[in-house]
Structures are given as structure tokens and as C-alpha cells.
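Below are the chains, spelled out letter by letter.
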There are 4 protein chains.
Amino acid sequence: MKNEKDLKQYSIRTDLIVDLFDQQQTEDGVFSDSYQENDINVLEVTITKEKNKLNKKKGKYITISYQDVTDKVNAKNVETVVVKELKKMFLDLNIDENKKCLVVGLGNRKSTPDALGPKTVDEILVTRYLYEMDNIEVDKDYRNVASFIPGVTGNTGIESSDIILGIIERIKPDFVLVIDALASSSMDRVNKTIQITDSGIHPGSGVYNNRKELSYETLHIPVISIGVPTVIEAFVLVSDTIQYLLKHFSYNKENYQKNKLIPVTMRNYKNHTKELSKEEKIQLLGEIGTLTEEEIKELIFEVLTPIGYNMMVTPKEIDFVMDKTSELLSSAINKALHKNFDI
Amino acid sequence: MKNEKDLKQYSIRTDLIVDLFDQQQTEDGVFSDSYQENDINVLEVTITKEKNKLNKKKGKYITISYQDVTDKVNAKNVETVVVKELKKMFLDLNIDENKKCLVVGLGNRKSTPDALGPKTVDEILVTRYLYEMDNIEVDKDYRNVASFIPGVTGNTGIESSDIILGIIERIKPDFVLVIDALASSSMDRVNKTIQITDSGIHPGSGVYNNRKELSYETLHIPVISIGVPTVIEAFVLVSDTIQYLLKHFSYNKENYQKNKLIPVTMRNYKNHTKELSKEEKIQLLGEIGTLTEEEIKELIFEVLTPIGYNMMVTPKEIDFVMDKTSELLSSAINKALHKNFDI
Amino acid sequence: MKNEKDLKQYSIRTDLIVDLFDQQQTEDGVFSDSYQENDINVLEVTITKEKNKLNKKKGKYITISYQDVTDKVNAKNVETVVVKELKKMFLDLNIDENKKCLVVGLGNRKSTPDALGPKTVDEILVTRYLYEMDNIEVDKDYRNVASFIPGVTGNTGIESSDIILGIIERIKPDFVLVIDALASSSMDRVNKTIQITDSGIHPGSGVYNNRKELSYETLHIPVISIGVPTVIEAFVLVSDTIQYLLKHFSYNKENYQKNKLIPVTMRNYKNHTKELSKEEKIQLLGEIGTLTEEEIKELIFEVLTPIGYNMMVTPKEIDFVMDKTSELLSSAINKALHKNFDI
Amino acid sequence: MKNEKDLKQYSIRTDLIVDLFDQQQTEDGVFSDSYQENDINVLEVTITKEKNKLNKKKGKYITISYQDVTDKVNAKNVETVVVKELKKMFLDLNIDENKKCLVVGLGNRKSTPDALGPKTVDEILVTRYLYEMDNIEVDKDYRNVASFIPGVTGNTGIESSDIILGIIERIKPDFVLVIDALASSSMDRVNKTIQITDSGIHPGSGVYNNRKELSYETLHIPVISIGVPTVIEAFVLVSDTIQYLLKHFSYNKENYQKNKLIPVTMRNYKNHTKELSKEEKIQLLGEIGTLTEEEIKELIFEVLTPIGYNMMVTPKEIDFVMDKTSELLSSAINKALHKNFDI
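Residues numbered from 1 in each chain as written. Chains lettered and ligands numbered in written order. Predicted model: local features only at pLDDT ≥ 70, side-chain atom pairs only at ≥ 80, totals over all residues. Heavy atoms only, no water.

## As for the interface of chain B and chain A
For the record, the criterion: A contact between two residues is defined here by any heavy atoms of the two lying within 4.5 Å. By buried area we mean how much accessible surface two parts lose on assembly, using a 1.4 Å probe and totalling the loss over both. Any carboxyl oxygen of Asp or Glu that lies within 4 Å of a side-chain nitrogen of Lys or Arg is treated as forming a salt bridge with it. Counted as a polar contact is a pair of N or O atoms within 3.5 Å, where, for protein atoms, one must be capable of donating a hydrogen and the other of accepting one, and residues adjacent in sequence contribute only when both atoms are in side chains. What counts as a helix is a DSSP run of H or I of at least four residues, what counts as a strand is a run of E of at least two, and both are numbered from the N terminus. Under the convention adopted here, Pro, Cys and the residues Ala, Val, Leu, Ile, Met, Phe, Trp and Tyr are nonpolar, Asp, Glu, Lys and Arg are charged, and Gly plus all remaining residues are polar. A pair of strands counts as paired when DSSP detects no fewer than two bridges linking them.
Of the residues lining the interface, 56 residues belong to chain B; the matching set on chain A comes to 56 residues. Per-residue buried area on chain B facing chain A is highest for T265, Y309 and K316 of chain B; these three make up 14% of the total on that side. The interface formed by chain B and chain A holds 4 salt bridges in total. Joining chain B to chain A, the criterion identifies 23 residue pairs in polar contact (both at pLDDT 80 or more). Of all the secondary structure elements, the ones that give two or more residues to the side of chain B that touches chain A are β8 (223-233), α9 (234-254), α11 (278-285), α12 (293-304), β9 (312-314) and α13 (318-337) of chain B. In terms of residue count, the dominant contributor to the side of chain B that touches chain A is α9 of chain B (8 residues). When its residues are assigned to classes, the side of chain B that touches chain A shows 33 nonpolar, 12 polar and 11 charged. Bridging between strand β9 (residues 312-314) of chain A and β9 of chain B involves 3 bridges; their strand directions are antiparallel. In the strand pairing of β9 of chain B, V313 of chain A is matched with V313 of chain B.

## As for the pattern of salt bridges
Short version of the rule: With a 1.4 Å probe rolled over the protein chains alone, any residue whose accessible area is under 20% of its type maximum counts as buried; one over 50% counts as exposed, and the rest are partly exposed.
In this structure the tally under the stated criterion is 88 salt bridges over all chains. Put simply, D323 of chain B and K110 of chain A hold a salt bridge, and the shortest N to O gap is 2.5 Å. With D323 of chain B in helix α13 and K110 of chain A in the loop between β4 (101-105) and α4 (116-122), this pair bridges two chains. The class of D323 of chain B is buried, set by a relative accessible area of 15%. Salt bridges sharing common partners tie together E44, E85 and K88 of chain A.

## Digging into the relation of the copies chain B and chain A
How we decide: Least squares is the method used to superpose the copies, on C-alpha atoms of residues holding a pLDDT of at least 70 in both.
It takes a turn of 180° to lay chain B on chain A, together with a shift of 0.0 Å along the axis; the resulting RMSD is 0.0 Å. Here the transformation between the copies is reduced to the relation of a two-fold axis. Residue G286 of chain B of chain B places its C-alpha closer to the rotation axis than any other residue of that unit, at 1.9 Å. An overlap of 100% is found between the interface residues of chain B and their copies at the interface of chain A, pointing to a shared contact surface.

## A look at the environment of Y256 of chain C
Its place among the elements puts Y256 of chain C in helix α10 (residues 256-259). Along the primary structure Y256 of chain C and D141 of chain C are separated by 115 residues, whereas in three dimensions their C-alpha atoms are 63 Å apart.

## So, the interface of chain D and chain A
The interface of chain D with chain A comprises 23 residues on the first partner and 23 residues on the second. Together chain D and chain A conceal approximately 1800 Å² of surface at their shared face, both sides included; 59% is due to carbon and sulfur atoms. Counting across the chain D and chain A interface gives 4 salt bridges. The salt bridge involving D162 of chain D is made with R170 of chain A; its shortest N-O contact spans 3.3 Å.

## Observations concerning the relation of the copies chain D and chain A
Superposition of chain D onto chain A requires a rotation of 180° combined with a translation of 0.0 Å along the rotation axis, giving an RMSD of 0.0 Å. Comparing interface residues between copies, 100% of those in chain D also lie at the interface in chain A; the contact surface is shared.

By themselves, these observations are geometric and do not establish any function.
Laid out in C-alpha cells, this is it:
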């Protein structure tokens, strides 16, 4: 039914290390730590060997997981964690307050879920032009910061990486901060995770475009990227739904008597954990029931791709969530970059 | 496995008559006609009885189906058909060139697929204020036209229908033209269909909000609505994909020898028609394989709704498609409204 | 040289009471008070007689004058004053926390200096739709608030006042808050003044349009308007410049020795107060030198109007100032309306 | 009263050659030609010597003057002339259809009169990414075109010229097309002139920023710039108004009997040509009446600059004019660049 070669060829990428980490055991060259603060989970993964089972680049990966940023109090708490983790990352990378920063917002301003980078950069406090002026003494509590929104290849005809490389060569910042909307490989993470990493931006990242690598290796300055999964691809939605279908059956079987009077669309089975037996799965889903989660993803990818239907999936209130997430990120970045921002 | 009562309660609505029409036979009180022009299909359905199997309101429903509006030539052809059908509709409803029009763009400007109404109305040529001036003689080849964008309830706190009714009461137009983005009940129609109807805007229409009815019955003036399906809901995507999964199996089985060397993601099986046998379906999909298309939709709806995951699905290039569709619609409406627009 | 009748006919309106107040003495039926807080001046004028020399409607007029809202600390201070004055106004008008509010943003979103109203309303927290839902208990520390952006007549073909009246009739708020960009009659006030008044919005207000009156008299509910002068008309710029020309001469004459080595464009004479003698004025400006400030304004108005050149004047950094002013206003209004907003 | 040294120091720049050309005689090294088409005037000035009285760089300067682009027919006529002149310029510079183009839109999207460049570039058809793909055969009737919007220094902290140079170095276009909003040195030209030149963009161009030179000399590829004056500076408005004041007096004196019953604001004296005598000027305007136009400009510049009031002046309907002008320019550029655009 499946072709082993194809499977590898189309192995499904994820931009989030936490997706891989859930599924794999820790191993040589991969270290992790985690903590919790105000219902926010922070996972720190450090990869020290270039060749590793996660198939991820060397570097530090901070994953901040939360429930909701449309709640004001919660957003403030998440912001505090982002500021703290950014400052830690600066310390680790020897980025002191004299180091000049270029902040780059990737993505397409006209597509709501992809506008996160541009919307965040709109609110970054830039100071570089003041530092460039001859007769102005800049308050050193404000770092030398420039920002840039390269747009998308479909609108400019130019790869974002070419634009960014061109600008870096001319203005020579000491480090780069890149904000981007990502594709999630799980419905549960979309708009609920912020990933900060110093491993660079890799080809294939971003919602739409393949892009050349921007990293310490290619630029010789630290590249810190902040990514938020804001969409899922159609094949992920379908395969996640098949898993939820099984859980839904298991839950309803288990709670048959109790639930009789509750409308089916109000029975929240999300935290139900008891799995169906292999036999039950086959009864319900036939051969599909015998496949692993990963195999189902591959299969659905193979079904949707040839007919051009691997669409983009977002929550319905995406415009509001993007407003709140970009507000949170720009405020956190301003505070991490400028000592005096909050006063 | 399913609950007959629930099924009715959550019967899945569609804004497009063509979705129902594909599935049902013509019947008493429902008349239809169709023609083709430059690869564009036009289906005209007239419903003359209030009680009908389609469960749709009395009125005329024009469905214009096309492949792509990002191609310039094709967009021009579609525009020509829209102008022609709008003018026919005006004639049917005794809307002569002295009749004053209010054009309303429903939807949320900040959400790419829901911005169709506002973006279209941005380009409508309004003249009403000239007609209201005492000492100006308006060229009668430009109709008296006003326009309005009510925004969405989440941003204003007010139902769109209340805003529109309030304005209609004050400015008293002779007819209303409403543009709205719709949810499609099929992946194949999204951004490939324009529906024009004089049956009014009904509760539950629109991507996001329940809205009070705007129709001849409630307003005592003709209400013509132009709708384009720009999103599908997650449950539609999942259930359509299950159908495509079956087709994919059938195609691959049939073409096993021929396809051996073609990568699986390049085998376009979309127009394959041979269905799997009942036994094959059960082998592949177990009990799910015994359900009808409609039953699978219901089931997936029941799986996604309780966990809050009935998301919104759009093509990845939605921003570009919305630009082109709103250009097409505003140009067509201007030409249908103003005799002299094109000169 | 001038025609007395014309003068009256084209008497130059101002939206700001402070413009008139500077020039006139207090009189019967006009009471005023003022205070200063963090370099912010607050002038409260109460007009109790319909017929008064200021030719202004009865009501309370609060004028908040400040130097700059692009400075963060200063903006915070101004915001604090606006919140306090709005709450006082609510108290005076018996608007308790159960009263329902409609917030209206007048002006043209596409014209930078006229976008103040729409930009402010974009950030107002609306709750009305929650109050309208049957099964939701709304936290009473959040007032019932709806908001609306009517657009401009040039784009809709409809007068803003008609749109607002239509909506008020349908949703029946207990009071209305209107935000609008005004024309200033002095270069010194532009973007440096906020006027809050309960006297209504009067015909001729706003940068562009004549509008019907929205006031307690016409609507039977309190109408509070918040206006900021964001532009000056060309005739004001020219006549103000002629006054500055005289001051510039006087200053340079006085400081001839002292200034010899200072470039002329760096000699800030703004606070110079010594006036030229009548003879000096005539020597420099001929007959123009004999006119009063008011007469010069009239004359320049008469020069610019017939050739269609009464243009709009704004500071060059208007986009940035509008961002900051709308942020300040929306934050202040949210805090004044919602008890719990700031927590 | 004035300081000769200051005068030179602050000599008022203009971006438009036509401003200088009106005032000066043709001379050695400066050739000109002109034609008229549908009420549109086209002036072609060629400067062949680096040192010339116009103090302008060597190159060709095309000035297209028209009355109004908000009229559809007129806009079409202007567009036709722009296409023709661009194609002639390409021919002169040996730019054949295989030459790769980078289109750059200078200016600030958030400031209505300065958004011309970004708004025009939004609608440019880009194809470069298709040419970069390995397995795509691009229709050669569509030129290889990329586009870019660098933003303004106040928002990015980076000079536009640095951004553009960085991108040019990476993508190596064969020529550059730059669109920019200019400051006009005359009220009569604002939004009524398009200047096309191959002499490069010079320091001090643009509404707001000083920018490094982008020209054939610095980039070694042709740089064609398209500029439209969309604002005037305050000192220009004031000094132009003083000239109109004199004309207004002259007209009213001349037409005293005839005009008695016409309201003063309706007496269009614009095309009145008879000048006042020197004595009359002095009577009316004192010493100011003895100054030349140029001297008055200098004086007003000296009055406004030290008090920070050299504001920006635009017509009130600037948003509408910018929509129409950017539509005209993007359509003209697309047609000049792509052989097949219009089909």
C-alpha cells in the first residue's frame, strides 16, 4: 500500500523541535531541561552533535507552550517568559548591549496567518539612524537596532534570503533576529507555541517558500529566530482528525451510559486517554486502522498532493490571534533589546 | 454509532444551491437551465414554491462556475458573464436605471478569505452624494449608488443586519446588492464559483456570523446577493479527503503497472471515476467504508466540534486569489450599475 | 479692499473653543477654570447661555494642551488627564457604569491626518455582542460598548450623520462618544490639543465634510466628542506665517549684534514678544501691515479659495504622530469606559 | 534684511527640471523639445554638459504635464504618453527586452502623499522568480522583472540607498526603475506632473530623507526614475500665495465694475496676467513688495525653519489622487516592461 522510497522522499518536515521531541527518546548529543511558570511550559533542548536522530541542526531550541494569548493576563505572563529567554540566549551568545541588531520580519503581510513577522517588526523600536548621525549622542540604554521586512518572493520576485544577505552585507549588524510564522505538524500547537533558536533559519522553513539558509555558518554572526506555528497543512488536519476519530469512539464507548443525554457535539473527549484495541481499530477503520500515526500522515500527504489540495488550515479567529501574538512579540523583543524600553 | 436526532440538529448547511443540486433530482417547483461560455458553466435555478426539497427560499439562483480567476483572459470572460447575469437579474426584478442602489460588503477586512466583500466595495463607484447636492446636474448614465462596509460583530459589537437595516431606513435605496464570502461544502468549489441570488441573505450565512435575514420579505425592496465560497470548514476538508482516499486507491489499483515509475505524489487521479466495490471499501476503511458521503460529513463534524477544532481551510495563495476576485466583482458590478462606466 | 458682507459670510470657523477663548474676555454665561499637571494645561469652559459672544453651543468644553505625544512618558501623562476628564464628564452627565455606549470614529482611514477616528476605534474594546447573547453572564466591570466607523461621504455616498443616526435608532445606546480629527486655526495647536465636549458635533466640523448635527438636542442622549486638530488649512498657515514674519523681523532687529554669527535658520525667535511699531509694520508689509490678524486670515482665505488652493497642511511626521495619538486616545477611552480594563 | 551667504546656503532645491526651465533661457549644453497630445504637454530636456546653469546632472529629463488624473479618459491619455516615453527612454539606453529590471518604490506607505512609490510597486507584475526556476520555460514576452519597497529610514533605521544597493549587488539587474513622490516648488505642479529621467536619484530627493545617489555613475547600470510632485513645502505655499495675492489685487482692480456682484471667493483670477506696477506692489506689501519671487521664497524659508514649522502641504483629496496616480503609473510601467501585458 505504501512505497518505502516515497515515504522517505516526502518525509514530513516540521519547524518545531517539540514535535520531534515528543516522539523520540533523549540520546547522545541531545540535552533537555524544562520548567513551568504560570501554566506556561518551557522546554530547552540543546543539540551538540551535528549528526543526531532528531535530524536537527546544532544549537539551542527554546519551546514556550501556552494556552491562549487573547487573554490579557496570560499574554503578559507569556511575554515575561519570552523576554527572559531572549536575554538568556543573548548572554549565551555573548551578545552584550553594545552589539548592533537587525530585526527581520519574514512572511506575507496580506495573508493573515503569514503576517506575523511583518506585524511584529512594525512595532520594533529602531535607533540605528540616530547612531549613524554625526552630531547626536544616543542614550546607550537604547541599543543600535535596525529592522526590515523583505516581503515574499511571489510579490518581489526575489528570495527573502537574497534581500536579507544584501542588507546584512551593507549595514553589518552584530546579530540578526528573525520572526516568522511557521507551519505546525499538530493541531494542538497552532498559535500555542513560541520557538526561539540560534540554529538558524533552514531551507523549507516558513509557510510558503523554500529559502536559503541564514545561520551562523553562512553569515558569521548569531542568527536568532523566533517562530510561531500559525497554520497547519491540510494533510496534518486530516491525519490528526483520524486520530481524534479513534479517541472519540473510545470515549463514547467508555462513557456510553453517562453521556446518553449530552449532545454529541458537546462531549469533550480531548483528554480521554484510553486507546482502542488493535481489533477495534481495524473494525472501525479497516487497513487504515493498522497504520501508525506517521504512516497515516504520509498517506494523506500522498492523497492530497497530486490533486493540488494540500491547503492551509487556521482557526477562524486568526486575525485577532495574530494581533495579540504580534503585540506580545514586539513588546518582548523591544524589552529584551533596549534596557530602557519599559521605563 | 450516530444519533438520528443529532444528525438533524447539526445538518450541515451550505450557502451554495449548486451543492444541493448536484445531489438531488429536479422536482416540482424547482426549474433549472444551464449554458456554457468560454469554459464557464452557468446554472440558473428558479424555485417557485416556498416548501421544496432543496430546503431553499423562493427565488432565482445563478451559479457561475469557472476554473481560475488569476488568469487575466479567464477573469475577463468570467466578468463578462457576471455583468450579463446581473443585468438579466435587474430586468427580472424591474430594476431600471433610475433605481437607487446600496452596495454592501459583508465580512472581515482583516481576515484574508473573509475580506472579499470589503475589498470589492472599496472599488465601487458611488454617486449618491452628487445626486443629493442641490445645484449639481448628475449625468444620468451614472446610477444613484451608495456603498457601505458594516464590519463584523466581533469588532463592532453590532450585528451587520442591524447596521444595514438602520442605514436602509435612513437613505431608502430602491434595491440592495450584498457581496459576501461564503463557506463551501466542497473543496472543488472554493474560489471557483460565484452565486447570484435574489432570495436574500439568510441566517447563518457568511463565514463567521449568524445574521438576521435581509430579503425582500423583510426590507420590501429587492436584495441581490453575490457570494463566492472562499473557505471550507475543516470537517468538509476531512470528509472530502476520505472520498479522495478511496478514489486514490481505486486509481492506483487500476493503473498499477502503468504507474510503477511515476512518483505517487505526481499521479493525478482526480478525474478517475471507477468506484471501489463495497467489499474493497470495507477492507480499506472498516465501518467508515460503509457510510455515505453525507454520513461521513456528519461524523467528522461530530468529532471536530466538541474539541473546538472545526477550523477554516483556504488555498495557500488566498491573498492573490482574493485580489483578483474582488477586482473582477467590483468591475462587473460597476458595469452592471452604471451605463457609462466602461466608456 | 475688503467687503464687510463677505467677511461675515466667510467668517472662519474653528472647531476649538480655545482659539476663541484666547482672543475674548470672559463674559456673562461663560465660565472657565484651568489647571496644570505635568506640563499639561487643562482649560474647562462652561457655556450656559445659548446666545454668547463665542458663538458656541451650550455645554462643557475641556481643552487639554500638551507639547508632544511621541514621547512615551509625556503620552502616559496626557492619557491620565484624558481618563480623568472623561470620567468627570460621565459623572456630570449622570452616565453610570450601566449605561451603554456607542463609540464612533469619524474620518477617512486612507488620509493620514484624517484617520485618527478610525484608528482610535480599531482599538476600542467592544462587549455589546456578549451582552446580547442569551446564555452569557458578562462581567459587569466591562461596560456594554459597541463601536462604529462610518467612513467618509466621498467613499460611501452617504453622510456620516445619516449612518450614525440609523445605527443609533436600531441599537439604542445610552450615550455616544465620537472621535474626530479637526482643522486647527493655529499652527501652534496642531497635534498638541485634545478637546472634549458634550455640546455635540456641529455642521462644518471635521476636516472634509459638512455634517448634520449630532447632539443631545437631536438624539436625546448625551453626545461626547473628542477632537484633535491634526491639520491646518492653507490660509491659516499663510496668515500665521505673516505674523511670524513680523516677529522674525522684530527679533532680528533687537538681537542684531548678538546674532551676527548664528545662521538665520537657527535663530529661534518663537518666544520673542516685543512687537514692531505700526510704522515698522507698514514699512515692511505696506497696507497688509495695517490689517489685524483676523483681517489677514480673511484676506488670504479670499485669495486662495477662488483658485481652489485652500489645501491641507500637516507636519511631515504626521503618520507617526497619528499612531501615537490614536494609541493614547483608545487606551484612555477603554480605561474610562471599562472599570476593569487596566487590571 | 537678508544675508547673501545664507541665501546661497539655503538655496531652495527642486526635484523638477521644469521649475528651473521656466525661469531660465536655453544655453549651451541644454537642448529641449516639446509636444502636445490630448491637452498633455511633454517637455524633453537633454543636458549634455556636467557643468550647466540649471545645476542639474547630465541626462534626459521628460516632463509630462496634465490637468487631472481623477478623470478616467484623461488618465488613460496620460498613461499612453508615459508608456511611449518610457519605451523611448529604453531605446535610447539600449535596454532591449532581454534586460532584467528591478523596480523600486521609495517612500512611506503610511503617509498618504508619500505612499506613491509603494502603491505603484504593489501592482507591478514580477516574473524574476519564474526565470530563476530550473524547469520552467518563461514566455519571453514577459520581461524578467523584480520589485522592491525599501521603506523609510524612520521605520527601518537604514537608508533606502543602502537597502537598494545591497539588493542590486545580490540580484544584479540590468537596469533599475525607481518611483518616488517628490516635493514640488510650485502649487501649480502638485499632482499634475510626471518627470522621467535617466540622470539618477540625487541626494536630497524625496519628501523626507536625504539619500545617497543612485545613478549610472554609482551603479554602472541605467537608473530611470519616475517622480511625481505630491506635496509642497510650507514655505512654497506661503510664497506662492504672496504672488497670488498680488495677482488677486491686480485682477480686482482691473475688473472692479464687472465683479461688483460676484462674491469675492468666486472670482477666479488665476489666468489674469497684468502685473501691478512697482509702486502698487510697494504700497500693498511694503519692502516685501520689492523682493523677487526667489527672494520671497528664501525669506519665508528663513522665517519658518527656525521655529520648526516648515510643514507639508497637500490637496485635501490626496488619498483619491494617489489611488489614481499609482494605478496610472503601475499600468504604464507594466505595459512598457512586458510586451504581452496588455493582451
